[in-house]
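Below are the chains, spelled out letter by letter.
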Amino acid sequence: MTELFNLIGSLFGYILWAAFYVVKNFGISIIIFTLIVKLLLLPFSIKQQRSMAANARFQKKQREIMDRYGKDRMGAQAEIQKLMEKENVSMTGGCLPMIAPMLVMLGVYYSVINPLTNTLHLAADKVNQVLNSLYALPGLGTSLSGNNYGQIYTVKYFNVLQDFFKDSNGQALFSSSETDSINQFAGGFNFLGWDLLATPSSSSFWSFMWLIPVLCFVTSVVSMIIMQKMNGTKMQGCMFVFILLMPLFSAWIAFNVPGAVGFYWIASTVLGFIQSLILNIYYNASIIEARDEAHRIVLRRQQEAEVAYVDAPDYVAPSQINKARMEAKSIQYPEKKKKKRR
């Protein structure tokens, strides 16, 4: 699975490196990169927004059923089940469109945490030798052991340790052009006073690196709550779990990993929220309901147009029909009519 994510990360790494090559700042390049990824994932986002709007309409009808049946829970559940079949709604339907974007997000994550192989596209064997040399260093190697951010730390300390990275023959592992690319890349990680190569957990308070995990949590929770209210839905199933656990989980990770990873999550959350606001204008419950009603009317008219024309008689008032019936009855039974007169 890691190889798959690295493959996706390597493909997206070309976009990240192209953006960095233009702006020379990793923070800005992450924003541009994230925007491009959001555009590529737009079809999945539209499908997810439609699913959320449909779920909002379903929940409105569900509440009406619950109010109508009152304490009759069995009857309400049976009616809700019929409604789900009619509306083609699944309790896990809102989770399915999230799978593909989640896989892509993990691929993007690997392009950020493995900048040497997936962004600069340096030879993997050279990078592995560098990492082995880095892990062998006293102190630093111990702190890096067991995490996946060796490439980021290599970029961070490359200017100091580049002479240490040599092969078994004593030759430099990287060529002069590769060394220049790494140093240029390392020089662009300062964004808004943050060192995106630093880790919030090991940074001083006055570096304000702690703002990155805080913003990870706040942006995630706020965007989820606002979109929930706009759609008029209550989170259910996996979506309910996400709104509680994912922000805390992302904040905890962002606190213990290099700032570049947390900053990507912030950019992804904010841009995703803006995208959702725009999509909600065109794909909300009211608009979808209006479109469905318009579609129903058009379909009904088409069905009526296909019915064969029948030449019906001219309109006759009900009073005239009753009068004709009485006259016919009096002609058919004249004797009875006379007896009634006596």
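Remember, predicted model here, so these are calculated numbers, not experimental data. (Residues numbered from 1 in each chain as written. Predicted model: local features only at pLDDT ≥ 70, side-chain atom pairs only at ≥ 80, totals over all residues. Heavy atoms only, no water.)

(A) Structural view of the packing of aromatic side chains. In total, this model carries 18 aromatic pairs according to the counting rule given. Considering the side-chain rings of F26 and F185, the 5.4 Å spacing of their centres and the 90° angle between planes classify their relative orientation as edge-to-face. A residue pair is termed long-range when its members are at least 10 positions apart, and F26 in helix α2 (residues 26-40) and F185 in helix α10 (residues 176-186) qualify at 159 residues. Taken individually, F26 and F185 each receive the classification buried, so the pair is uniform in this respect. Measuring from ring centre to ring centre gives 6.4 Å for Y153 and Y157, while their planes differ by 10°; the resulting arrangement is stacked. Separated by four residues within a single helix, Y153 and Y157 lie in helix α9 (residues 150-161), roughly one turn from each other. Assessed through its relative accessible area of 28%, Y157 is described here as partly exposed. Put simply, the rings of W17, F20, F26, F185 and F189 pair up and form one aromatic cluster. When the ring centre of Y21 is taken as reference, the NZ or CZ atom of K24 above it lies at 4.3 Å. (Phe/Tyr/Trp six-rings, centres within 6.5 Å; stacked < 30°, edge-to-face > 60°. Helix = DSSP H or I, 4+ residues; strand = E, 2+ residues; numbered from the N terminus. Buried < 20%, exposed > 50% of the residue type's maximum accessible area, 1.4 Å probe, protein only. Lys NZ or Arg CZ within 6 Å of the ring centre and 35° of its normal.)

(B) Fine view of the pattern of salt bridges. Counting across every chain of the model gives one salt bridge. K126 serves as the salt-bridge partner of E178, at 3.4 Å between the closest nitrogen and oxygen. A residue pair is termed long-range when its members are at least 10 positions apart, and E178 in helix α10 and K126 in helix α7 (residues 124-135) qualify at 52 residues. (Salt bridge = Lys/Arg side-chain N within 4 Å of Asp/Glu carboxyl O.)

(C) Structural context of a nonpolar patch on the surface. Residues V214, F217, V218, V222, I226, M230 and L248 make up a contiguous nonpolar surface patch of about 520 Å² in total accessible area. Considering each element in turn, the nonpolar patch owes the most residues, six residues, to helix α11 (residues 211-231). Tracing the backbone shows M230 in helix α11. (Patch = residues over 30% accessible without salt bridge, like charges linked within 9 Å, V, L, I, M, F, W, Y side chains within 5 Å. Areas by Shrake-Rupley, 256 points an atom, 1.4 Å probe, with all protein chains shown as cover.)

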